[in-house]
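Descriptive analysis of the structure
So the chains spell out like this:
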Amino acid sequence: MKGLDLKSFYAQSLGISAPWKVTDVAFDGDHSLVRITVECAAGVVWADPETGERAEIKGWRERTWRHLDTCHFQTIVTARIPRLLLKDGKTMSVSVPWAEPGGRLTRALEEHVIDLLRECRTVRAAARFAVLTDDVVDGVMRRAVTRGLLRREESFPTSLGIDDKSIRKGHRYATLLVDLDNGCVIDVADGRTIDAAAGLLRGLSETARSGVEAIAMDMSPAYIAAAREVLPDAAIVFDRFHVAMHLNAAVDKVRRTEQRKLSSSGDTGLKSSKYFWLRSSIDLRTRGAAEFRALLARDLQTGTAWTLKENFRHFWEFRSLGRAMKFVSEWVDAVRSSGLKPMIDAAATVMRHLDGILNYLRYRITNAMSEGLNSMVQSLKHSAKGLPNYEAFRTRVLFFLGQLDMRFS
């Protein structure tokens, strides 16, 4: 390409327009570099961005940016940037059209990194492909999320999900607020307290809050209190999968107690059977379930607890609230008759939260979406080899799960 054509090519690649222009393109074969020099036209009048009045040029500062590689040559942009003296006495560098203020990469390269992150799903892999450091790629991700949040249009979900997720070991948690209508994370808060959950809900506009009909959650007192405080007209729906989790935990308590008793007399039948009892009745028909069926055929308290747990699954199929309430009453009587304390305690939990559990039959929403997102979050944590802090966690969740428009155009 001729020199003039090459300059025009890079001007278009960088998105450069007056008063800026590419004045030189130099190839350094020894170091596999392309050096692009950009200059500002003489006599340009700059305005104070705060007042709109003419600003005096205090001085010039030379800066460099990394651009998209050219035929495997690293491409570097260099320009002298005017520094303006503002009315309040402070100075600031003029913004350039090819990069973000303070950034070290061109916008074109940042968009390429964003695409790499979406494909690779890890900072380390994207950094390797882009031949950048992890810190630089992490900065691209943070700026992309900030840009996406500023650009995000307000939504008006009728159903929300609120759930917690462990950030790292040591009982450090974050709370996720999910738009169940659109399947995306609205935002993330540090901790799983009333303040954390209420802050997320207050982040919605008053109009958006007024349109929320139901919010799915676990039985966390903090989340219940936050929802009642901020969304008093929204129905609280206790998530069916968390109810199942409570019942499974009760079955496991029965198993552990019975296993100790049997083991003391030399019976190891329940040993290593924990995950059998997490199965559903449907799993009894699958290949490899013979051992489980044999356990069920024995007169075991664990088998009784499992059967009670499985019987509660019918609750979620009811359409009539009256019949559902009758079913729960009969189920609780059966649990009490079993004399199994862990199951009796679980039944008491169901009764204390019955209104929210019944609300599932009205709204048919669950935190399955949140749980699915949580699985993705877990994958992000694993691929990142652990996350250093809450901000890193929030950035990654919103980058990958926030459905944000993070590009420059």
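Given the structure is predicted, the values throughout are model-derived calculations rather than measurements. (Residues numbered from 1 in each chain as written. Predicted model: local features only at pLDDT ≥ 70, side-chain atom pairs only at ≥ 80, totals over all residues. Heavy atoms only, no water.)

**Considerations on the overall build of the chain**
Worth spelling out the cut-off: Only runs of H or I of at least four residues qualify as helices and only runs of E of at least two qualify as strands under DSSP, and these elements are numbered from the N terminus. Radius of gyration: C-alpha atoms only; globule rule: 2.2 Å multiplied by the number of residues to the exponent 0.38. For the exposure calls, accessible area comes from a 1.4 Å probe over protein chains only, and a residue counts as buried if that area is under 20% of its type's maximum, exposed if over 50%, partly exposed in between. For the accessible areas, the method is Shrake-Rupley and the probe is 1.4 Å, while residue cover comes only from the protein chains on display.
Assigned secondary structure in the chain consists of 15 helices and eleven strands. Compactness check: the chain gives a C-alpha radius of gyration of 30 Å against a globular reference of 22 Å for 409 residues, more than 25% above the reference. Across its three principal directions, the C-alpha atoms of the chain cover 90 × 50 × 35 Å. Out of the 409 residues belonging to the chain, those deemed buried represent 46%. As presented, the chain carries roughly 21700 Å² of accessible surface, and 50% of it is formed by carbon and sulfur atoms.

**Examining helix α4 (residues 134-151)**
The following threshold applies: Here the expected span of a helix is defined as 1.5 Å times the quantity of residues minus one. Note on contacts: a residue pair is in contact if any heavy atoms of the two residues lie within 4.5 Å.
Taking 1.5 Å as the rise per residue, α4 with 18 residues should run 26 Å; its terminal C-alpha atoms sit 26 Å apart, in good agreement. Taken together, the buried positions of α4 are Val137, Asp138, Gly139, Val140, Met141, Ala144, Val145, Arg147 and Gly148. Summarising the contacts, the buried residues of α4 are in contact with α2 (107-120), α3 (123-130) and α15 (390-401).

**Focus on the side chain of Thr106**
Turning to its location among the elements, Thr106 is positioned in the loop between β6 (91-93) and α2. Looking at Thr106, the relative accessible area reads 1%, which means it is buried. Those residues within four positions of Thr106 in sequence are excluded, and the remaining contacts are Leu14, Trp65, Arg66, His67, Leu68, Val77, Trp98 and Ala99.

**A few points about the nonpolar core**
We count it as follows: As used here, the term nonpolar core means buried Ala, Val, Leu, Ile, Met, Phe, Trp, Tyr and Cys residues forming a set that is joined through side-chain atoms within 4.5 Å.
Among the nonpolar cores identified, the biggest contains 96 residues, and Phe312 and Phe315 are the most heavily contacted of them. Per element, the largest residue contribution to this core is seven residues, and it comes from α15. With sequence-adjacent residues up to four places away left out, Phe312 is seen in contact with Val243, Leu247, Phe327, Val328, Trp331 and Val350.

**Examining the pattern of salt bridges**
Between side chains of opposite charge, a pair can form when the charged atoms approach closely. Heads up, the rule is: We define a salt bridge as a side-chain nitrogen of Lys or Arg found within 4 Å of a carboxyl oxygen belonging to Asp or Glu.
Evaluation of the coordinates by the stated rule reveals 22 salt bridges. Lys87 is the partner of Glu53 in a salt bridge, and the nearest nitrogen-oxygen pair spans 3.9 Å. Here Lys87 lies in the loop between β5 (73-85) and β6 and Glu53 lies in the loop between β3 (46-47) and β4 (54-70), a separation of 34 residues in the sequence. Glu53 sits in the partly exposed class, given a relative accessible area of 41%.

**Focus: the packing of aromatic side chains**
Here the distance between the centres and the angle between the planes together describe a pair of aromatic rings. Our working rule: Classification of ring pairs uses Phe, Tyr and Trp, with its six-membered ring standing for Trp, and accepts pairs whose centres are within 6.5 Å; under 30 degrees between planes counts as stacked, over 60 as edge-to-face, and the remaining range as tilted. Geometrically, a lysine NZ or arginine CZ counts as sitting over a ring once it is within 6 Å of the ring centre and also within 35 degrees of the ring normal.
Under the criterion given, the structure shown has 16 aromatic pairs. Measuring from centroid to centroid gives 6.3 Å for Trp20 and Trp46, while their planes differ by 50°, and the two rings are tilted. Taken as a pair, Trp20 in strand β1 (residues 20-28) and Trp46 in strand β3 lie far apart in primary sequence, 26 residues in all. Take Trp20: its relative accessible area is 6%, and that puts it in the buried class. Classification of Trp46 as buried rests on a relative accessible area of 14%. The ring of Phe408 has Arg147 lying over it, and the distance from NZ or CZ to the ring centre is 3.9 Å. The cationic tip of Arg240 hangs over the ring face of Phe241; the distance from NZ or CZ to the ring centre is 5.6 Å.

**Structural notes on the packing of α3 against α4**
Which entries qualify depends on this criterion: Structural elements are reduced to axes, namely lines fitted to C-alpha atoms, with helices fitted over the stretch in contact, and the angle between N-to-C directions of any two is expressed from 0 to 180 degrees. Any angle between 65 and 115 degrees counts as roughly perpendicular, while under 35 counts as roughly parallel, over 145 as roughly antiparallel, and the rest as oblique. Rotating anticlockwise by less than a right angle from the far helix to the near helix defines a left-handed crossing, while the corresponding clockwise rotation defines a right-handed one. Three classes are used, and their members are as follows: Ala, Val, Leu, Ile, Met, Phe, Trp, Tyr, Cys and Pro are nonpolar, Asp, Glu, Lys and Arg are charged, and the others, Gly among them, are polar.
The geometry of α3 relative to α4 is characterised by a closest axis approach of 9 Å and an angle of 110° between their N-to-C directions. As judged from the angle between their axes, α3 and α4 are roughly perpendicular. The two elements α3 and α4 cross, and the hand of that crossing is right-handed. Contacts between α3 and α4 pair Val123, Arg124, Ala126 and Ala127 from the former with Asp134, Val137, Asp138 and Met141 from the latter. Taken together, the residues that form the contact of α3 with α4 break down as five nonpolar, no polar and three charged.

**A look at the packing of α4 against α15**
Two quantities define a packed helix pair, namely the angle between the axes and the distance from one axis to the other. Packing of α4 against α15 brings their axes to within 9 Å, and their N-to-C directions diverge by 65°. In the crossing of α4 with α15, the sense of the turn from one axis to the other is left-handed. In this structure, α4 contributes Asp138, Met141, Arg142, Ala144, Val145 and Leu149 to the contact, and α15 contributes Arg394, Thr395, Arg396, Leu398, Phe399 and Phe400. Partitioning the contact of α4 with α15 into residue classes produces seven nonpolar, one polar and four charged.

**So, the confidence of the model for the chain**
Close inspection of predicted coordinates is inappropriate in any region flagged by low pLDDT. This is how the line gets drawn: A residue's pLDDT is the predictor's confidence in that residue, given on a scale from 0 to 100.
Confidence in the prediction for the chain averages 90 pLDDT; 92% of positions are at 70 or higher. The least confident element of the chain is helix α14 (residues 368-383), whose mean pLDDT is 67; the most confident is helix α5 (residues 194-202), at 98.

**Here we look at the pairing of strand β10 (residues 214-217)**
Filter applied, for reference: Strands pair, by our definition, only if DSSP identifies at least two bridges between them. Handedness is read with the strands pointing away from the viewer; a crossover is right-handed when the path from the first strand over the helix to the second is clockwise.
On β10, burial covers both faces: Ala214 and Ala216 on one face and Ile215 and Met217 on the other are all buried. When β10 meets strand β11 (residues 235-238), the two strands line up parallel, connected through four bridges. Paired with Met217 across the bridge in β11 is Phe238. Handedness of the crossover joining β10 and β11 through helix α7 (residues 221-230): right-handed.

**Considering unusual backbone geometry**
Going from Ala18 to Pro19, the amide bond is cis rather than trans, its omega being 10°. The topology assignment puts Pro19 in the loop between α1 (3-14) and β1. With a phi angle near 55°, Ser32 is a residue other than glycine that sits in the positive phi range. You can see Ser32 is positioned in the loop between β1 and β2 (33-40).

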